[in-house]
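Results of the structural survey
Take a look at the letters that make up each chain.
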Amino acid sequence: MTGGESGPDDSAPPDTASADDQRPVVAAFDVDGTITERDCVVPFMRRVRSPLVISGRLGRRPHRLLPAVVHRDRDRIKELAAVAAFRGLLERDVLDAGAEFARHVHDRWLRSDVIEHLRGHQAAGHTTVFVSASFEAYLEPLASLLGVDGVVATRLAASDGVLTGRLEGANCRGAEK
């Protein structure tokens with residue numbers, strides 16, 4: 001299920017493989033607003049860096065931020081916010097914060113109806129994956145907590161164990177998914 005689809009129905013996952021068709025079934029789930037009740041990106045950034053620091057860093061680059069806001073360029077805004085939130089932090093510390101945040105999300109923000117749908121796919125032996133613009137730093141541990149098989153998500157770039165703030169590859173949103 002991707003962000004553009006409506007939520008799951010109350011039925012069990014479709015059994016799409018007939019006796020003659022043994023192709024594997026992959027069930028892909030978006031995260032923010034699908035698996036979870038809310039956005040996770042901004043709350044995670046606020047956990048690893050003070051909102052005052054993030055806003056101060058963003059405010060020092062109005063020539064970059066303002067055009068992105070005016071043009072509603074969500075990818076560029078996220079890139080700038082990631083630099084403000086993550087640049088200079090130790091990758092290990094952010095991964096540790098990601099594991100803690102994943103437990104928080106798991107315990108408080110999951111949508112029971114979608115988790116039930118996920119469990120139906122898992123019970124049917126389907127491969128389950130998260131495909132999300134959320135950060136891999138917390139989606140990997142959340143996937144582990146939920147028994148999800150794989151994650152395709154937005155990755156933070158690091159150099160010598162220190163985050164650059166840049167994204168490694170594109171933001172995993174829209175066509176990138």
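Notes on the structure follow. (Residues numbered from 1 in each chain as written. Predicted model: local features only at pLDDT ≥ 70, side-chain atom pairs only at ≥ 80, totals over all residues. Heavy atoms only, no water.)

**Quick look at the pairing of strand β3 (residues 150-159)**
- As paired strands, strand β2 (residues 127-135) and β3 are joined by four bridges and run parallel to one another. The partner of Val129 across the bridge, within β3, is Gly150.
- Each parallel crossover has a hand, and for β2 linked through helix α8 (residues 136-146) to β3 it is right-handed.
- Where β3 hands over to strand β4 (residues 162-168), the hairpin turn is made up of two residues, of which Asp160 adopts a positive phi near 55°. (Pairing = 2+ DSSP bridges. Helix = DSSP H or I, 4+ residues; strand = E, 2+ residues; numbered from the N terminus. Right-handed = clockwise from strand over helix to strand, strands pointing away.)

**Some details on the environment of Asp96**
- Mapped onto the elements, Asp96 comes out in helix α6 (residues 91-108).
- As a C-alpha pair, Asp96 and Ala137 span 41 residues in sequence and 8.4 Å in three-dimensional space.

**Quick notes on the pattern of salt bridges**
- For the structure on display, the rule yields six salt bridges.
- For Glu79, the salt bridge goes to Arg76, with nearest N and O atoms at 3.2 Å. Taken together, the residues span about one helical turn, with Glu79 and Arg76 both in helix α5 (residues 74-86) at a distance of three residues.
- Notably, a salt bridge pairs Arg155 with Glu136, separated by 2.8 Å at the nearest N-O pair. Of this pair, Arg155 sits in strand β3 while Glu136 sits in helix α8, and the two are 19 residues apart along the sequence.
- Exposure remark for Glu136: the relative accessible area of 16% places this residue in the buried category.
- Counted as one network, the salt bridges with shared partners bring together Glu136, Arg155 and Glu168. (Salt bridge = Lys/Arg side-chain N within 4 Å of Asp/Glu carboxyl O. Buried < 20%, exposed > 50% of the residue type's maximum accessible area, 1.4 Å probe, protein only.)

**Side note on the packing of helix α4 (residues 62-70) against α5**
- Here α4 crosses α5 at 150°, and the two axes come no closer than 8 Å. Taken together, the axis directions place α4 and α5 in an arrangement best described as roughly antiparallel. Relative to α5, α4 is oriented so that their crossing is left-handed. Contacts from Arg64, Leu65, Ala68 and Val69 of α4 reach α5 at Arg76, Ile77 and Leu80.
- Of the residues belonging to the contact of α4 with α5, the class tally is five nonpolar, no polar and two charged. (Axes fitted to C-alpha atoms, helices over the stretch in contact; angles between N-to-C directions. Parallel < 35°, antiparallel > 145°, perpendicular 65-115°, else oblique. Left-handed = near helix turned anticlockwise from the far one by under 90°. Contact = heavy atoms within 4.5 Å. Nonpolar A, V, L, I, M, F, W, Y, C, P; charged D, E, K, R; others polar.)

Read these as layout, nothing more, since geometry by itself doesn't imply function.
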